[in-house]
Amino acid sequence: MDDLLSEFLTETAESLATLDVELVNLEQNPNDPKILQNIFRLVHTIKGTCGFLGLPRLETVAHAAENVLGKFRDGDLEVTPDAVTLILNSIDRIKEILGHLEQTEAEPEGNDADLIERLNAMAEGRAAPAASSGESDAPPAPPGPGEADNPADDAPSWPVAAELEAEFAELLGKNDKPAAPSVPASVPSTPAPAPATAVQPVEEKPAAVPAAPKAEAKAPAASAAPVGEAKESVANQSIRVNVELLENLMTLVSELVLTRNQLLQMVRGKDDSEFATPLQRLSHITTDLQEGVMKTRMQPIGNAWAKLPRIVRDLSLEMGKKIDLQMIGAETELDRQVLELIKDPLTHMVRNSADHGLEGPEERRAAGKPEVGKVVLNAYHEGGHIIIEISDDGRGLNLAKIRAKAIANGLVSEAEADAMTEQQIAQFIFRAGLSTAEKVTSVSGRGVGMDVVRSNIEKIGGTIELKTALGKGSTFTIKIPLTLAIVSALIVECSNERFAIPQISVLELVRVTPNSEHKIEVINSAPVLRLRDRLLPLVSLKKLLRLEEGEDERSETFIVITQVGTYTFGIIVDRVFDTEEIVVKPVAPILRHITMFSGNTILGDGSVIMILDPNGIASATGEAGMAGATQAADSKAARVDANERTSLLVFRDGTGDDLKAVPLALVARLEEIDLAQIEHSHGKPVVQYRGHLMPLVAIDPHMDLGKEGRQPVLVFSDRDRSMGLVVEEIVDIVEEHLKVELAVDQPGLIGTAVISGKATDLIDAGYYLTQAFGDWFGTQEEPSFDNEDGSQRRVLLVDDSPFFRNLLTPLLSVAGYDVTAVDSADKALALRDTGREFDIIISDIEMPGLSGFDFATAVRSEGPWRQVPMVALSSHATERDFERGRQVGFNDYVAKFDRDALLETLMQTLAAAEGAA
Amino acid sequence: MNQIVARGRDSQEVLAAETQDYVTMFIEGQLFGIPVLTVQDVLGAQKITRIPLAPREVAGSLNLRGRIVTAIDVRLRLGLAPRPEGEQPMSVVVELGGELYSLMVDSVGEVLSLPSAGFERNPPTLDPLWREFSAGIFRLQGKLLVVLDVMRLLEFTRQEA
């Protein structure tokens, strides 16, 4: 059933229950204005909602009842038992229509002219003749206003039904309900010969509402009843819970999580604790509970998008543009608190894209683009975050205009502006007082703009980025945390005071000692840090918070590299502890003016700690004044190619001090398992995990797992299978451009890459997966890699499965290819449109949206990639697929799991293509 | 409704009842009192986390059974000298607007039941700062008790603005 409808039913059922009680109260205290007011409000709400949902019958009844109630309220009418009965009758009628609505998702046919007539009569003060009789004895077929009763004789052509059906069809069309076919189906199935009176005796329920049209109204209901009764009533399936109650629950659960963490920490040191097992159980239950409570707060992001199509439609009419709004990932869920907070910024941005971003049809035609402009909203989960992209294929930002405006508004001097990169100039739109719309339309251009959007998003700990290409469109990328309730924070110390910094804004940590390669340098007492060819501004937490100066010069300090929006800076602290999950609590009102803190919390050890607000610190360091322009330039440039970076999980495997790494995206979860719970199956260690047996694999096959204690495990999952890779210690998570420097001829390793300045072995997750499940890739062959060609071939990998993308990217990059991976054919085509060039394209066949075949057809039909060789990648490698692939333009076809064949094919295809050229 | 009552000055309530119970406390020998019903807890010395950049009178925050309590140094709030080194303060915890505050004083005494007949308005000669925070004076035998107006004591906004 349509969400909206079921919500309406639940809500209205509740309102009606209240109404019943209140009406009886009213009868007893006819002069209590409060009760009257409440009744009036309830009926009014029902009426309003019906109107909104397009339920005309309900609306008219509610409206008429509201009229009468209005008279009561204004004192024009006396509250008599008769009058109350009449209102109650209307309520019953409403209930009945609702009941029908619940079963068939459509209002029953018929009309309520009789009831409305009586209500109106009452409202006008006429002594309603029918009122007294309407109470109990059902007039089986009073000659009510004619047209309602004529169907009985010539049933096949019910004008009312037809009319309603048309209305429903229209309504359904509008709402785009999946249930659409059910309505036309139910109408023809109406027992045609059923004259109103004949049906009535068959009814099981006694006639609650004694009105003639009811009978025919019931008829279709009866036909649909078997289905309807099988299910629980919608109104009973869910209960409405006060948001405050949920918030309280969440707070309690958060506290529970903290207490659990505290206990775990205490027991961790003692191997033989008798508490270990119950605590483990407590821990699991707590985690489940936390997930459950979180789920109650989760709402699909589509809720925040619901009104966008209408806005865009209105806009397109007003502006004379043709706009196609595409919404992808509407089912992505996030915390309702976050949802509320991003609703307005999102609306604003979509408007912006439609208004400023997209050109008019003529302009588009002149630019050689399709007349219909596209605005695409895309939401998806990534790590603990939600990513929302808003992109348009419009004209892109007019950087020259932004630059001029920024100079005119004194945001930047002309000389400074000259030195800025395009992306940097684009960022000015996030500053106050800058609107690029020349005309102030009713939509945008009023100067309340992206600066508000940015500050709203940053308020909830999110970030927003912008990419734009002139003539190609702009893309905004918003990254927000899934929930605000529990965040991971880095605990630091400064002048013997501890502070928490939300992990989301921490990029990396740098340790500074007199002999380390990193040194704090000073320009006119402003500290800066050289970090990988960039100069970062630094702020001393000590100075910022006016803490006492430490006793003497410390031999080592730490710098927390922090990012706020596109501004990167370092915070100098004395010490860094580990990270902790914290529950952010607001600070007392008398401290709210201190912008350096976003809240406070209680740590595992029971002490209170202040949570630093990176935004506040950034603005305190003069970011607002564009002081960090030069630094920002680097950071922005760095952000632009950030997409090409890969998050890597760095760990030790216990075979030595070597660092090992694996792409984070491959890792489903990090777990810590109790060694005592390891069991063996076919001589291989397994552990029960989330109701399944999960095989455990160690990097060192001879590693002794031990019998007691706890061991961190990286869990890899694909579909419903999981595998645990036992490691010694998880070291860090870093984001690096993944470039394998040395390939090694050792199973299980892809090669060695420089990660955070250290040589780190990149493990081949695929190898370990096959260790756990021989058939994971449908092959048991030992992987071996050829690394013959030194020159970098550019490979475009199109595969919707993040798992395979992440698997193949390192595999190909170790084989000497420069890999760009995208998750859909649309994105690949978008890359083509931005002028990217590749030597070869590898594409999956089964993908949502454009399939591999369609993609090949599109590539071959036009554009610069016409000649680029293409290799299809699929799990079905039958002769027929082969043939089809060739027909649409694939040069070769490889089974998805055969990595050797893939590498081989790539080489051959490239050689063939070069030979031909 | 509750808020409306709370907003009224304590003095009205003070006069209304026959007697009222006060938690007494001492700062520099001076006796203070706050209505017993507003007091949630009496604490000894606590581990307090300092809050940088906070007003001087805010001593920091502490963890009271999982709730974060903001500690206010009443000495400093009343314009008195800071507590001498080594002396351990005691605190009275009160709730205001859903937030807990701990009022740090030198020591906390017994609960006194005071007849409203002994209540006086603030003498006009009282220091303006004290007049701000005092809801009135009780005449006791041998000494005077200043009734602290907790709401005003915790109202920092006016001075900050």
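Please read all numbers here as calculations on a predicted model, not as lab measurements.

1. Describing the overall build of chain B
For step 1, the next point in the chain: In terms of helices and strands, chain B carries six helices and 11 strands.
For step 2, the next point in the chain: By residue count, 48% of the 161 residues in chain B fall in the buried class.
For step 3, the next point in the chain: The long-range share in chain B, meaning contacts at least 24 apart out of those at least 6 apart in sequence, stands at 55%.
For step 4, the next point in the chain: Element-wise, carbon and sulfur atoms account for 52% of the exposed surface of chain B, whose accessible area totals about 8,300 Å².

2. Some thoughts on helix 28 (residues 852-861) of chain A
Residue and element names in this part refer to chain A.
For step 1, the next point in the chain: Within helix 28 the residues assigned to the buried category are G852, F853, F855, A856, A858 and V859.
For step 2, the next point in the chain: Buried positions along helix 28 lie against strand 31 (793-798), helix 27 (825-833), strand 33 (840-844), strand 34 (870-874), helix 29 (879-888) and strand 35 (892-895).
For step 3, the next point in the chain: G863, located one to two residues past helix 28, shows a positive phi value of around 90°.

3. Some details on the confidence of the model for chain A
All names here are of chain A.
For step 1, the next point in the chain: Looking at chain A as a whole, the pLDDT averages 72, with 74% of positions reaching at least 70.
For step 2, the next point in the chain: Of the regions scoring below 50 in pLDDT, residues 128-165 engages in 41 contacts with residues more than four places distant in sequence or in other chains.
For step 3, the next point in the chain: In this model, residues 777-790 is a region of pLDDT below 50 whose contacts with residues beyond four sequence positions or in other chains number 33 contacts.

4. Brief notes about the sheet that holds strand 32 (residues 817-822) of chain A
All names here are of chain A.
For step 1, the next point in the chain: The sheet built from five strands is open, its strands ordered 32-31-33-34-35 with parallel pairing. Sheet topology places strand 32 and strand 35 at the edges, where each strand pairs with a single neighbour. The sheet shows a mean angle of 20° between the axes of neighbouring strands, direction not considered.
For step 2, the next point in the chain: Note: strand 31 against strand 32, six bridges, orientation parallel.

5. Looking at the interface of chain B and chain A
Interfaces are frequently sized by the accessible area removed from exposure as the parts join.
For step 1, the next point in the chain: Residue-level contacts link 22 residues of chain B with 25 residues of chain A.
For step 2, the next point in the chain: Across the interface of chain B and chain A, roughly 1,900 Å² is buried in total on both sides, 66% from carbon and sulfur atoms.
For step 3, the next point in the chain: It is B:R50, B:L53 and B:I68 that lose the most area in chain B upon contact with chain A, and together they represent 34% of the buried surface on that side.
For step 4, the next point in the chain: Put simply, chain B and chain A have one salt bridge between them.
For step 5, the next point in the chain: Viewed at the interface, chain A and chain B are joined by two residue pairs in polar contact (both at pLDDT 80 or more).

6. Some thoughts on the packing of helix 15 (residues 308-319) of chain A against helix 16 (residues 336-357) of chain A
Describing two packed helices takes the angle between their axes plus the distance from one axis to the other.
Residues and elements named next belong to chain A.
For step 1, the next point in the chain: Two numbers describe how helix 15 lies on helix 16: the axes approach to 10 Å, and their chain directions differ by 30°. Judged on the interaxial angle alone, helix 16 and helix 15 are roughly parallel. Regarding helix 15 and helix 16, the two cross each other, and that crossing is right-handed. On the side of helix 15, the interface is formed by L308, I311, V312, L315 and M319, while helix 16 contributes T347, V350, R351, A354 and D355.

7. Some thoughts on the sheet that holds strand 9 (residues 497-502) of chain A
Residue and element names in this part refer to chain A.
For step 1, the next point in the chain: Strand order in this open sheet of five strands is 16-8-9-18-17, and the pairing throughout is mixed. Taken across any chain shown, the strands that pair with only one partner, and hence form the sheet edges, are strand 16 (575-583) and strand 17 (597-602). Going from strand to strand, the sheet's axes swing by 35° on average, the running direction of each strand aside.
For step 2, the next point in the chain: Against the sheet, helix 12 (residues 243-268) makes contact with strand 8 (486-494), strand 16 and strand 17, and its axis sits at roughly 140° relative to strand 16, the strand it touches most.

8. Quick notes on helix 21 (residues 450-459) of chain A
Residues and elements named next belong to chain A.
For step 1, the next point in the chain: Taken residue by residue, helix 21 has M450, D451, V453, I457 and E458 as its buried positions. All buried residues of helix 21 lie within an arc of 160° about the axis, which places them on one face of the element.
For step 2, the next point in the chain: Once helix 21 ends, the next one or two residues include G461, with phi positive near 75°.

9. A closer look at the pairing of strand 7 (residues 473-481) of chain A
All names here are of chain A.
For step 1, the next point in the chain: Here strand 7 lies mainly inside the structure; seven of its nine residues are buried.
For step 2, the next point in the chain: Of the strand pairs in this sheet, strand 5 (residues 385-392) and strand 7 are connected by seven bridges, and their pairing is antiparallel. Bridge pairing in strand 7 links E389 to T477.
For step 3, the next point in the chain: Judged from the seven bridges that link them, strand 6 (residues 463-469) and strand 7 form a sheet pairing that is antiparallel. In the strand pairing of strand 7, E465 is matched with T477.
For step 4, the next point in the chain: Between the end of strand 6 and the start of strand 7, which pair antiparallel, lie three residues, with G471 showing a positive phi angle near 80°.

10. Brief notes about the pattern of salt bridges
All names here are of chain B.
For step 1, the next point in the chain: Per the stated rule, a full pass over the model turns up 26 salt bridges over all chains.
For step 2, the next point in the chain: Two residues, R83 and D73, come together in a salt bridge whose shortest N-O distance is 3.6 Å. Here the residue R83 occupies a position in the loop between helix 3 (74-77) and strand 6 (90-96), and D73 occupies one in strand 5 (residues 67-73), the gap between them amounting to 10 residues.
For step 3, the next point in the chain: Taking the relative accessible area as the measure of exposure, R83 reaches 14% and is therefore buried.
For step 4, the next point in the chain: Through salt bridges with shared partners, a single ionic network connects E28, D73, R75, R83 and D106.

11. Some details on the nonpolar core
For step 1, the next point in the chain: A:F499, A:L541, A:I571, A:F597, A:I617 and B:I34 are the most contacted members of the largest nonpolar core, which has 58 residues in total.
For step 2, the next point in the chain: In terms of residue count, the dominant contributor to this core is strand 15 (residues 567-573) of chain A (four residues).
For step 3, the next point in the chain: Contact partners of B:I34, with chain neighbours within four places excluded, come to B:D21, B:Y22, B:V23, B:M25, B:V39, B:V92, B:V94, B:L103, B:L148 and B:V150.
For step 4, the next point in the chain: Membership of the second largest hydrophobic core comes to 45 residues, among which are A:L346, A:F428, A:L466 and A:I480.

12. Observations concerning a nonpolar patch on the surface
Residue and element names in this part refer to chain A.
For step 1, the next point in the chain: Nonpolar side chains collect at one region of the surface, where I239, V241 and L245 lie side by side and expose about 290 Å² of accessible area between them.
For step 2, the next point in the chain: Considering the arrangement of structural elements, one finds V241 in the loop between helix 11 (234-237) and helix 12.
For step 3, the next point in the chain: Looking at V241, the relative accessible area reads 36%, which means it is partly exposed.

Conventions we followed
Residues take numbers from 1 onward in each chain, read along the sequence in its written order. Numbering of ligands from 1 and lettering of chains from A proceed in the order in which they are written. Local features in this predicted model are restricted to residues of pLDDT 70 or higher, and side-chain atom pairs are both shown and tallied only at a pLDDT of 80 or more, whereas totals for entire chains, interfaces and linings draw on every residue. Excluded from the side-chain calculation are hydrogens and water; included are all heavy atoms of the structure. Secondary structure elements are defined from DSSP: runs of H or I of at least 4 residues count as helices, runs of E of at least 2 residues count as strands, and each element is numbered from the N terminus. In this scheme, a residue with accessible area under 20% of its type's maximum is buried, one over 50% is exposed, and one in between is partly exposed, where area comes from a 1.4 Å probe on protein chains only. Residue contacts are counted whenever heavy atoms from the two residues lie within 4.5 Å of one another. Values of accessible area rely on a 1.4 Å probe in the Shrake-Rupley scheme; residue burial ignores everything except the protein chains shown. The score called pLDDT rates the predictor's confidence residue by residue, from a low of 0 to a high of 100. Note on pairing: two strands pair once DSSP finds at least 2 bridges between them. Fitted lines through C-alpha atoms serve as axes, helices being fitted only where they are in contact, and the angles separating the N-to-C directions of these axes extend from 0 to 180 degrees. By buried area we mean the combined loss of accessible area, with a 1.4 Å probe, across both parts when two parts are placed together. Salt bridges are identified by distance alone: a Lys or Arg side-chain nitrogen within 4 Å of an Asp or Glu carboxyl oxygen. Any pair of N or O atoms that falls within 3.5 Å is considered a polar contact. Within protein, one atom must be able to donate a hydrogen and the other to accept it, and sequence-neighbouring residues count only if both atoms are side-chain atoms. Small angles under 35 degrees read as roughly parallel and large ones over 145 as roughly antiparallel, with 65 to 115 read as roughly perpendicular and the rest as oblique. Crossing chirality is assigned from the near helix's rotation relative to the far helix, an anticlockwise turn below a right angle marking it left-handed and a clockwise turn marking it right-handed. In this description, the arc belongs to the directions extending from the helix axis to the C-beta atoms. Here the nonpolar core consists of buried residues drawn from Ala, Val, Leu, Ile, Met, Phe, Trp, Tyr and Cys, with membership extended through side-chain atoms lying within 4.5 Å. Patch criteria: residues need more than 30% relative accessible area and no salt bridge. Like-charged residues are merged within 9 Å; nonpolar side chains of Val, Leu, Ile, Met, Phe, Trp and Tyr are merged within 5 Å.

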